[in-house]
Amino acid sequence: MANTRQARKRAVQSERRRQKNASQRSMVRTHIKRVIKAISTGDHSAAMAEFRVAQRVIDRIADKSAYDKNRAARTKSRLNARIKALAA
């Protein structure tokens, strides 16, 4: 346990930040799952609609550093490739 006032405050801030980041990462994963589900149904227009929403969420969370920028780019690229393969 933190002994000084400053250390206690940092512990509280860290926990608050950890919970918020975990929530945001969970939201990203949910949107990714929605895109994958739309792809698995074979509906290209639904997959594209879900991808557009997911893309905005992924970028927003990556800008806040709760999700790594390279990981975000890689995820979007892979999802887009799967959607393109669906159209072909």
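My aim in this report is to walk through the structure given alongside it, one point at a time. (Residues numbered from 1 in each chain as written. Predicted model: local features only at pLDDT ≥ 70, side-chain atom pairs only at ≥ 80, totals over all residues. Heavy atoms only, no water.)

## A few points about the overall build of the chain
The secondary structure content of the chain amounts to three helices and zero strands. When its helices and strands are written in sequence order, the chain yields α-α-α. Here the C-alpha atoms of the chain give a radius of gyration of 17 Å, more than 25% beyond the 12 Å that 2.2 N^0.38 yields for 88 residues. In terms of its C-alpha atoms, the chain occupies a principal-axis envelope of roughly 60 × 20 × 15 Å. Relative to its full complement of 88 residues, the chain shows a buried share of 24%. (Helix = DSSP H or I, 4+ residues; strand = E, 2+ residues; numbered from the N terminus. Rg over C-alpha atoms; globule rule 2.2 N^0.38 Å. Buried < 20%, exposed > 50% of the residue type's maximum accessible area, 1.4 Å probe, protein only.)

## Section: the packing of helix α1 (residues 5–41) against helix α3 (residues 69–87)
One can describe the packing of α1 onto α3 by two numbers: an axis separation of 10 Å at closest approach and a directional angle of 15°. With respect to α3, the axis of α1 lies roughly parallel. For the element pair α1 and α3, the recorded crossing hand is left-handed. Counted together, I32, V35, I36 and I39 of α1 and T75, L79, R82, I83 and L86 of α3 form the full contact between these two elements. (Axes fitted to C-alpha atoms, helices over the stretch in contact; angles between N-to-C directions. Parallel < 35°, antiparallel > 145°, perpendicular 65-115°, else oblique. Left-handed = near helix turned anticlockwise from the far one by under 90°. Contact = heavy atoms within 4.5 Å.)

## Observations concerning α3
Look at α3: 27 Å from first C-alpha to last across 19 residues, which is about the 27 Å you get at 1.5 Å a residue. Those residues of α3 lying buried are A72, T75, K76, L79 and I83. Down the axis of α3, the buried set is contained in an arc of 95°. They therefore lie on one face. Away from its buried face, by an angle of more than 90 degrees, α3 presents the exposed residues N70, R78, K84 and A85. Two or three places before N70, at the opening of α3, D68 has a side-chain oxygen 3.2 Å from that residue's backbone nitrogen. (Expected span 1.5 Å × (residues − 1). Arc of directions from axis to C-beta. Polar contact = N/O pair within 3.5 Å; in protein donor to acceptor, adjacent residues only side chain to side chain.)

## Some remarks on the pattern of salt bridges
Going through the model one piece at a time under the given rule, you end up with three salt bridges. Between R18 and E15 there is a salt bridge, with its nearest N and O atoms 2.7 Å apart. Residue R18 and its partner E15 are both found in helix α1; the two are separated by three residues, about one turn of the helix. The exposure class assigned to R18 is partly exposed, which follows from its relative accessible area of 46%. Salt-bridge contacts for K69 lead to D63; the nearest nitrogen and oxygen are separated by 3.0 Å. Classification of D63 as exposed rests on a relative accessible area of 57%. (Salt bridge = Lys/Arg side-chain N within 4 Å of Asp/Glu carboxyl O.)

## Describing the packing of α1 against helix α2 (residues 44–63)
With their axes 9 Å apart at the nearest point, α1 and α2 run at an angle of 160° to one another. Considering their axes alone, α1 and α2 lie roughly antiparallel with respect to each other. Here the hand of the crossing between α1 and α2 comes out left-handed. The residues of α2 that touch α1, namely those facing Q24, M27, V28, H31, I32, R34, V35, A38 and I39, are A46, A47, E50, F51, V53, A54, V57, I58, R60 and I61. By residue class, the composition of the contact of α1 with α2 is 14 nonpolar, two polar and three charged. (Nonpolar A, V, L, I, M, F, W, Y, C, P; charged D, E, K, R; others polar.)

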